[in-house]
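Coordinates in review
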Amino acid sequence: NAGVTQTPKFQVLKTGQSMTLQCAQDMNHEYMSWYRQDPGMGLRLIHYSVGAGITDQGEVPNGYNVSRSTTEDFPLRLLSAAPSQTSVYFCASSPQAIEQYFGPGTRLTVT
Amino acid sequence: AQSVAQPEDQVNVAEGNPLTVKCTYSVSGNPYLFWYVQYPNRGLQFLLKYITGDNLVKGSYGFEAEFNKSQTSFHLEKPSALVSDSALYFCAVRDEYNFNKFYFGSGTKLNVKP
């Protein structure tokens, strides 16, 4: 099993550009989530999904969209990138929304 | 508001000595608590969890944590630290009203010196 995979590993965007961070898992987990990690602030939940077609907002959802068309994939879309969205983004999955399995992360810089 | 606090940004310990990484939580009911470890340039790895039952929880790599309801704490401990334990440690709590949300602490950097 590859576990949770994320692409790209690194990305630089200009303010106003849009992009999609990809996340996939091969463990057949129903629960998936997106976090951002900022220095001194730990991880903050952006969006989560409890199954295909079902998504909901986390703690910091503004500026981000998600969709879940399959169990395996949970992409995160930045609609119009801002410097405040410079961060490291982690995707995670869990069989029952208890302990989570994290991907390797995407480091995003917005200039 | 529900949260976890990690009061120490950094903990330094000598190899072979016991280590403690502190975590306190703010949840009014019965919490689901977690510890994760993050090595440089990697994602988080699950170490252990408390859901119910025995207050002393054993996890991966020889780590354990004790749930203390009266002190609202869930400190991570290891009897004998290894240099390879040096990493960033996060405490987390599940939202008691929305079981699909989790709150993470700010993280504690553990430095184990030879």
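Heads up: the structure comes first, above all this text.
Heads up: these notes are all about the structure in this document. From a predicted model like this one, the values you see are computed outputs, not experimental measurements.

**Points about the nonpolar core**
The tendency in soluble globular proteins is for nonpolar side chains to be buried side by side. All names here are of chain B. Core analysis: the largest hydrophobic core is formed by 28 residues, its most contacted members being Trp35, Leu47, Leu48, Phe74, Leu76 and Tyr89. Of all elements in the fold, only β2 (10-14), β3 (19-21), β5 (33-38), β6 (44-50), β8 (64-68), β9 (73-78), β10 (87-94) and β12 (108-113) reach the threshold of two or more residues within this core. Among the elements that line this core, the one with the most residues is β10, at four residues. Contacts of Tyr89, omitting those with residues within four sequence positions, involve Gln6, Val21, Trp35, Tyr36, Val37, Leu47, Phe63, Leu76, Gly107, Thr108 and Leu110.

**Focus on the layout of surface pockets**
Empty space within the largest pocket amounts to approximately 530 Å³. When contributions to the lining of the largest pocket are tallied by element, the ones reaching two or more residues are β4 (31-38), β9 (87-94) and β11 (106-110) of chain A together with β10 of chain B. Of the residues contributing to the lining of the largest pocket, the split by class is nine nonpolar, nine polar and five charged. Size it by volume and the second largest pocket reaches roughly 180 Å³. For the second largest pocket, the full set of lining residues is Gln100, Tyr101, Phe102, Gly103 and Pro104 of chain A together with Arg42, Gly43, Leu44, Gln45 and Phe46 of chain B. A per-element tally of the lining of the second largest pocket places β6 of chain B first, with three residues. Partitioned by chemical class, the residues of the lining of the second largest pocket number five nonpolar, four polar and one charged.

**Brief notes about the packing of aromatic side chains**
Applying the stated rule across the entire model yields 15 aromatic pairs over all chains. Between Tyr36 of chain B and Phe104 of chain B the ring centres are 5.6 Å apart and the planes differ by 40 degrees, which places this aromatic pair in the tilted class. Pair noted here: Tyr36 of chain B is in strand β5 and Phe104 of chain B is in strand β11 (residues 102-104), with a separation of 68 residues, a long-range link. Of the two residues, Tyr36 of chain B and Phe104 of chain B, both sit in the buried class. Ring centres of Tyr50 of chain B and Phe67 of chain B lie 4.1 Å apart, and the angle between their planes is 15 degrees; this geometry places the pair in the stacked category. Note that Tyr50 of chain B is positioned in strand β6 and Phe67 of chain B in strand β8, a separation of 17 residues in sequence. Members of the aromatic cluster, each reached through a chain of ring pairs, are Tyr31, Tyr35, Tyr48 and Phe102 of chain A together with Phe34, Tyr36, Phe46, Phe102 and Phe104 of chain B. The ring of Phe63 of chain B carries the charged tip of Lys78 of chain B above its face, separated from the ring centre by 5.0 Å. Here the basic side chain of Arg94 of chain B rests over the ring of Phe99 of chain B, its NZ or CZ set 4.0 Å away from the ring centre.

The rules behind the values
- Residues numbered from 1 in each chain as written.
- Chains lettered and ligands numbered in written order.
- Predicted model: local features only at pLDDT ≥ 70, side-chain atom pairs only at ≥ 80, totals over all residues.
- Heavy atoms only, no water.
- Core = buried A, V, L, I, M, F, W, Y, C linked by side-chain atoms within 4.5 Å.
- Buried < 20%, exposed > 50% of the residue type's maximum accessible area, 1.4 Å probe, protein only.
- Helix = DSSP H or I, 4+ residues; strand = E, 2+ residues; numbered from the N terminus.
- Contact = heavy atoms within 4.5 Å.
- 1 Å grid on protein atoms, 1.4 Å probe; cavity = no way out; pocket = protein on both sides within 12 Å on 5 of 7 lines; lining within 4 Å.
- Points joined across faces, edges and corners; volume = space filled by probe spheres on them.
- Nonpolar A, V, L, I, M, F, W, Y, C, P; charged D, E, K, R; others polar.
- Phe/Tyr/Trp six-rings, centres within 6.5 Å; stacked < 30°, edge-to-face > 60°.
- Lys NZ or Arg CZ within 6 Å of the ring centre and 35° of its normal.

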